[in-house]
Amino acid sequence: MLLNLICGECIKESMKNNDLFTVEIMVPVSQISESGIYDVICDKGHKTKVAVLNNKFELLFDLGFNGLIDGYYREAVSSFTASLERFYEFFIRAALHNEIKIDVIEDVWKSVKSQSEHQLGAYIFLYLKTVGKKPLLLNNNAVSFRNDVIHKGFIPDKEQALEYGENVRKIVNDAIYEMKTCFGDTLYQAYDHYLPHDEGEEDSYGCNITTILDVRNGPKFQDGDIRNNSLSEMTPSIIAKRNPQRMRFFKEKLA
Ligand SMILES: [Zn+2]
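Since the model is a prediction, treat every value here as computed from it, not as a measurement. (Residues numbered from 1 in each chain as written. Predicted model: local features only at pLDDT ≥ 70, side-chain atom pairs only at ≥ 80, totals over all residues. Heavy atoms only, no water.)

Asks: Any chance you could break down helix α8 (residues 185-193) for me, citing the residues and the numbers?
Replies: Among all positions in α8, only Thr186, Leu187, Ala190 and Tyr191 are buried. The buried residues of α8 occupy one face: seen down the axis, they fall within an arc of 135°. (Buried < 20%, exposed > 50% of the residue type's maximum accessible area, 1.4 Å probe, protein only. Helix = DSSP H or I, 4+ residues; strand = E, 2+ residues; numbered from the N terminus. Arc of directions from axis to C-beta.)

Set out below in structure tokens:
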């Protein structure tokens, strides 16, 4: 999986030349990394830093789906699981965001940091408190499937990995829908707070990657957005995104 980034210098240059709306700009790409801050060298040789403005759970789900497309079904299940667990973390942090000081949240988080079952318990009860009902969760079959894959070396087939991915997607999208209703602006404040930040670097830029799980724009997307479809139906467009891309700010390509 490659992330489509931006070169801020190319965009600036283009604005200076007054051709931003007539000239296409090459999109630099990178492998995904832990920090969320990427060193970019574009095809014109500009060296910049780009912060990818997505929450980690959004990127992990795409990483899983790309693995699935390439036939790595065990790895797909592992990334989908990581995505779900990091979503639980995001929900917990967002639910507390404007009520508890951040350093206190950080301190308390340390006591459940390596215990996913404890995090799940916190998620269930914070969901109950903020949304007023029980959240969707993986059912018993999905939980034992996940444990077999992650802990027992079980090798799933494509259909099993897809079904598990859809399961995770439904749980997360259902919760995002409820967060949009119940959290108001706090949702976006928390989302922004936990994005990667590149402190004070003059040559640094930010860009948002279009992901299948998408707090800002989901869970119901505009008409024609491929993300309203099933994962299977999305496959061709995900594969197409792997080709070199050019970015343009104009609606119609000039002849
Ligand atoms: Zn450039």
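Past the structure itself, the notes keep going.
Asks: Give a description of the side chain of arginine 169 that names residues and reports values.
Replies: In this structure, arginine 169 sits in helix α7 (residues 158-182). Sequence-distant contacts of arginine 169, that is, excluding residues within four places in its chain, are made with Phe61, Ile212, Leu213, Arg227, Asn229, Ser230, Leu231 and Met234. (Contact = heavy atoms within 4.5 Å.)

Asks: I'd like a rundown of the packing of aromatic side chains, residues and numbers included.
Replies: For the coordinates displayed, the defined rule picks out 13 aromatic pairs. Seen from their ring centres, phenylalanine 57 and phenylalanine 90 are 5.8 Å apart, and the 35° between their planes marks the pair as tilted. Of this pair, phenylalanine 57 sits in helix α2 (residues 56-69) while phenylalanine 90 sits in helix α3 (residues 73-96), and the two are 33 residues apart along the sequence. In textbook terms, an aromatic cluster arises when at least three aromatic residues are bridged by ring pairs, as seen for Phe57, Phe87, Tyr88, Phe90, Phe91, Tyr123, Tyr127, Phe183 and Tyr191. (Phe/Tyr/Trp six-rings, centres within 6.5 Å; stacked < 30°, edge-to-face > 60°.)

Asks: Can you explain the pairing of strand β4 (residues 37-41)? Please cite residues and give values.
Replies: On β4, burial follows the alternation: Tyr38 and Val40 on one face are buried, whereas Ile37, Asp39 and Ile41 on the facing-out side are not. Of the pairings in the sheet, the one linking β4 to strand β5 (residues 47-52) comprises five bridges and is antiparallel in character. The residue of β5 that forms the bridge with isoleucine 41 is lysine 47. (Pairing = 2+ DSSP bridges.)

Asks: Which residues make up the layout of surface pockets, and what values go with them?
Replies: Considered as a void within the structure, the largest pocket measures approximately 650 Å³ in volume. Contributions of two or more residues to the lining of the largest pocket are made by β1 (2-4), α2, α9 (231-240) and β7 (246-247). For the lining of the largest pocket, the residue count by class is 13 nonpolar, eight polar and six charged. Its boundaries defined by the atoms lining it, the second largest pocket holds a volume of some 560 Å³. Taken together, 21 residues make up the lining of the second largest pocket; nearest its centre are Glu34, Asn55, Lys56, Arg86 and Tyr194. Elements that contribute at least two residues to the lining of the second largest pocket include exactly α2 and α3. When grouped by side-chain class, the residues that make up the lining of the second largest pocket number nine nonpolar, six polar and six charged. Two domains each put at least three residues into the lining of the second largest pocket: domain 1 (2-55 + 196-247) and domain 2 (72-193). (1 Å grid on protein atoms, 1.4 Å probe; cavity = no way out; pocket = protein on both sides within 12 Å on 5 of 7 lines; lining within 4 Å. Points joined across faces, edges and corners; volume = space filled by probe spheres on them. Nonpolar A, V, L, I, M, F, W, Y, C, P; charged D, E, K, R; others polar. Domains from an automatic or database assignment.)

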